[in-house]
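Letter by letter, the chains look like this.
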Amino acid sequence: MDFGSSDRATELRDRLQAFMGEHVLPAEPVWAEQIRSAPSPHSHPPVIEQLKAEAKNRGLWNLFLSDAEHGAGLTNCEYAPLAEIMGRTWIAAEACNCNAPDTGNMEVLHEFGTPEQKQRWLAPLLAGDIRSAFAMTEPDVASSDATNIAMQIKRDGDSYVLNGRKWWITNAMHPNLAILIVMGKTDPSAPAYQQQSMVLVPIDTPGLEVVRSLPVFGYHDPEGHGELLFNDVRVPIENIIAGEGMGFLIAQARLGPGRIHHCMRAIGAAERALELMCDRADERETFGKPVSHNANIRDWIAESRIELEMARLLVLKTAWLMDEVGNQHARIEISGIKFAVPEICLKIVDRAIQVHGGGGVSDDFPLAAMYAHLRTLRLADGPDEVHKLSLARQELRRQRDRRKAAQV
Ligand SMILES: Cc1cc2nc3c(=O)[nH]c(=O)nc-3n(C[C@H](O)[C@H](O)[C@H](O)COP(=O)(O)OP(=O)(O)OC[C@H]3O[C@@H](n4cnc5c(N)ncnc54)[C@H](O)[C@@H]3O)c2cc1C
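Note that this is a predicted model, so its numbers are computed, not measured. (Residues numbered from 1 in each chain as written. Predicted model: local features only at pLDDT ≥ 70, side-chain atom pairs only at ≥ 80, totals over all residues. Heavy atoms only, no water.)

Asks: Explanation requested: the overall build of the protein in the structure shown.
Replies: Helices and strands together make up the secondary structure of the protein, namely 11 helices and 9 strands. For 408 residues, the compact-globule estimate of 2.2 N^0.38 gives 22 Å, and the C-alpha radius of gyration of the protein, at 22 Å, lies within 12% of that figure. Referenced to the eigenvectors of the C-alpha coordinate spread, the extents of the protein come out at roughly 80 × 70 × 45 Å. Within the protein, the fraction of its 408 residues that count as buried is 50%. Counting only contacts in the protein whose residues sit at least 6 apart along the sequence, the fraction spanning at least 24 positions is 73%. Of the roughly 18,800 Å² of accessible surface on the protein, a fraction of 53% belongs to carbon and sulfur atoms. Across the protein, the centroid of the 43 positively charged side chains sits 6 Å from that of the 55 negatively charged ones. (Helix = DSSP H or I, 4+ residues; strand = E, 2+ residues; numbered from the N terminus. Rg over C-alpha atoms; globule rule 2.2 N^0.38 Å. Buried < 20%, exposed > 50% of the residue type's maximum accessible area, 1.4 Å probe, protein only. Contact = heavy atoms within 4.5 Å. Areas by Shrake-Rupley, 256 points an atom, 1.4 Å probe, with all protein chains shown as cover. Lys, Arg positive; Asp, Glu negative; His and termini not counted. Charge placed at Lys NZ, Arg CZ, Asp CG, Glu CD.)

Asks: Would you explain the site of the ligand in this entry?
Replies: In the vicinity of the ligand lie 21 residues, with Phe134, Met136, Thr137, Ser144 and Trp168 positioned nearest. Between an oxygen atom of the ligand and a side-chain N or O atom of Glu385, the distance comes to 2.9 Å. Protein contacts shield 68% of the accessible area of the ligand, which totals 980 Å² for the unbound molecule. Listing elements by their share of the shell around the ligand, those giving two or more residues are β1 (131–135), β3 (159–170) and α11 (384–407). Classifying every residue of the shell around the ligand by side-chain character gives 12 nonpolar, 7 polar and 2 charged. Three or more residues apiece are contributed to the shell around the ligand by two domains, here domain 2 (131–241) and domain 3 (249–407). (Near = heavy atom within 4 Å. Polar contact = N/O pair within 3.5 Å; in protein donor to acceptor, adjacent residues only side chain to side chain. Nonpolar A, V, L, I, M, F, W, Y, C, P; charged D, E, K, R; others polar. Domains from an automatic or database assignment.)

Asks: Even after reading the chapter, I still don't get helix α2 (residues 46–57), so can you show me in this structure?
Replies: Each α-helix turn comprises 3.6 residues. Residues three or four places apart therefore point the same way. Here α2 is 12 residues long and its end C-alpha atoms lie 17 Å apart, about the 16 Å a rise of 1.5 Å per residue gives. Those residues of α2 that sit buried are Val47, Ile48, Leu51, Lys52 and Ala55. The buried residues of α2 occupy an angular sector of 145° when the element is viewed end-on, so they sit on one face. Projecting away from the buried face of α2 at angles above 90 degrees are the exposed residues Gln50 and Asn57. Close packing links the buried residues of α2 with α1 (7–37) and α4 (92–95). Phi turns positive, to about 70°, at Gly59, one or two residues after α2. (Expected span 1.5 Å × (residues − 1). Arc of directions from axis to C-beta.)

Asks: For this particular structure, what's the right way to read the domain arrangement of the protein?
Replies: Accessible area lost upon the coming together of the parts serves often as the stated size of an interface. Each domain of the protein was delimited in the assignment, giving domain 1 (7–113), domain 2 (131–241) and domain 3 (249–407). A C-alpha centroid distance of 26 Å is found between domain 1 and domain 2. Listed by partner, the interface residues are 16 residues for domain 1 and 18 residues for domain 2. Taking both sides of the interface into account, the surface hidden between domain 1 and domain 2 amounts to around 1,400 Å²; carbon and sulfur atoms contribute 58%. (Buried area = accessible area lost by both parts, 1.4 Å probe.)

Asks: For this particular structure, what's the right way to read the packing of α1 against α2?
Replies: Think of two packed helices as two axes; the pair is described by the angle between the axes and how far apart they sit. Contact geometry of α1 with α2 gives a least axis separation of 9 Å together with a crossing angle of 165°. The orientation of α1 with respect to α2, classified from their angle, is roughly antiparallel. Of the two elements, α1 crosses α2, and the hand of that crossing is left-handed. Of the residues in α2, those in contact with Phe19, His23, Val24, Ala27, Val30, Trp31 and Gln34 of α1 are Pro46, Val47, Ile48, Leu51, Glu54 and Ala55. Broken down by class, the residue content of the contact of α1 with α2 amounts to 10 nonpolar, 2 polar and 1 charged. (Axes fitted to C-alpha atoms, helices over the stretch in contact; angles between N-to-C directions. Parallel < 35°, antiparallel > 145°, perpendicular 65-115°, else oblique. Left-handed = near helix turned anticlockwise from the far one by under 90°.)

Asks: Whenever I open this one, unusual backbone geometry confuses me. Can you help?
Replies: Glycine aside, the phi torsion of most residues is negative, and most peptide linkages are trans. Going from Ala100 to Pro101, the amide bond is cis rather than trans, its omega being 0°. Among the structural elements, Pro101 can be located in the loop between α4 and α5 (102–112). A positive phi angle, near 85°, is found at Asn171, a position not held by glycine. With a relative accessible area of 2%, Asn171 lands in the buried category. The phi dihedral of Asp232 falls on the positive side, at around 50°, and the residue is not glycine.

Asks: What is the right way to read the packing of helix α3 (residues 76–86) against helix α8 (residues 295–325) from this model?
Replies: Where α3 contacts α8, the axes come no closer than 8 Å and their chain directions differ by 145°. In this structure, α3 contributes Asn76, Cys77, Ala80 and Glu84 to the contact, and α8 contributes Arg312, Leu316, Ala319, Trp320, Met322 and Asp323. Classifying every residue of the contact of α3 with α8 by side-chain character gives 6 nonpolar, 1 polar and 3 charged.

Asks: Looking at this model, I keep getting lost on the environment of Ala32. Mind explaining?
Replies: Relative to the helices and strands, Ala32 resides in helix α1. Taking the C-alpha atoms as reference, Ala32 lies 38 Å from Phe248; in sequence the two are 216 residues apart.

Asks: Please explain the nonpolar core as it appears in this structure.
Replies: Generally speaking, soluble globular proteins have nonpolar side chains that are buried together. Among the nonpolar cores identified, the biggest contains 91 residues, and Leu16, Phe19, Tyr79 and Val341 are the most heavily contacted of them. Counting residues per element, this core draws most heavily on helix α7 (residues 247–283), which supplies 15 residues. Grouped together as the second largest cluster of nonpolar side chains are 19 residues, Met151, Tyr160, Leu208 and Val235 included. (Core = buried A, V, L, I, M, F, W, Y, C linked by side-chain atoms within 4.5 Å.)

Asks: Would you mind showing me how to read helix α6 (residues 115–126) here?
Replies: When we look at burial in α6, the residues that qualify are Gln117, Trp121, Leu122, Pro124, Leu125 and Leu126. The inward-facing, buried residues of α6 abut α5, β1, β4 (177–185) and β5 (196–202).

In structure tokens form, the structure reads like this:
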């Protein structure tokens, strides 16, 4: 395994770090003030557009995309340290056009889109002019088993007609949201994994209504997580992606990179939490000595450092595997990091909150918001239990094969 950085990736990392220090981190309080003073929690802070322009100027744009023509052309191993740097703050990924769910949607259009779909939707997404959403989860069925998805997509002449309800659809309140990739059933009588399809639905299509925005622990993320009602929503048949029955295949292709990107950014957030924990522990004194002089605090610091290193190595190993054998063959490893990394990062942020006392749960520090976001990663893109199920299945198969081989 070689996790060494190429010259290009090293150079991009240096540039990204400079951008973070000079522009992105100083923009955090500006962003917070713009949100606070806006009439709605779902306004789009103007500072994001300024950061996007600066990121573009500096060539720090679409770093996630492995295709060199439209993106940076980096391998997963090369992108991992960059995603980690962006993960240190919640505004960096959007500033560099590397934020979920748009990255996954761009990858879908890039890989499966027709030339017309690419021109109409991929080009403005790559330019950062519009935003997109991915609509799979439904309130009425357990959506961690995607065979349950019930949204109807019925062919009617030259159109598909969609009926159903979705929720937790990220970007639903973003003022630049223009297009949704919607998963539903085109053929309920087909074999379980061929019933589903994905279609492109412009946000202004009649019959599509954003019913409400769902808060996360009381936080209203500006981009919003929406509940959406589809009532006879009609789109032309050209809006289907890769043909009927391809929904599962596309979902798998989309979720692999999305999951590892979440893990990479989570490590960046936890790294920042550890820095904050050490700063605060050195700064504050109780009972005549700095908080950092207490053995339990030192244990937390030492354990956090090692857990973070373990998480990073596991993510890098998975990135390496994706580069070597492809996303599909690395899917079990992706499942592994998807439950292990958020758990480790949450533990580290929780310790940092504790060391900050009451300040830790306030919004004077980024820790409370970090915790809320990281906690959602144990659900979004598949809950921990489903990823553990995949891993356990494979492990049991491996062990049964071992026993069988030993009997021969
Ligand atoms: C902040 C946030 C953003 C999101 N963004 C999006 C988005 O943009 N688009 C989108 O489509 N969805 C999105 N989601 C939804 C997310 O992907 C789903 O919530 C998730 O897949 C789980 O589906 P569910 O909520 O229907 O839970 P259910 O399927 O009802 O499962 C509930 C619980 O049951 C347990 N469980 C399920 N299966 C098993 C099993 N086999 N063994 C043991 N326990 C099990 C798990 O603990 C699970 O959490 C988002 C969610 C959040 C919180």
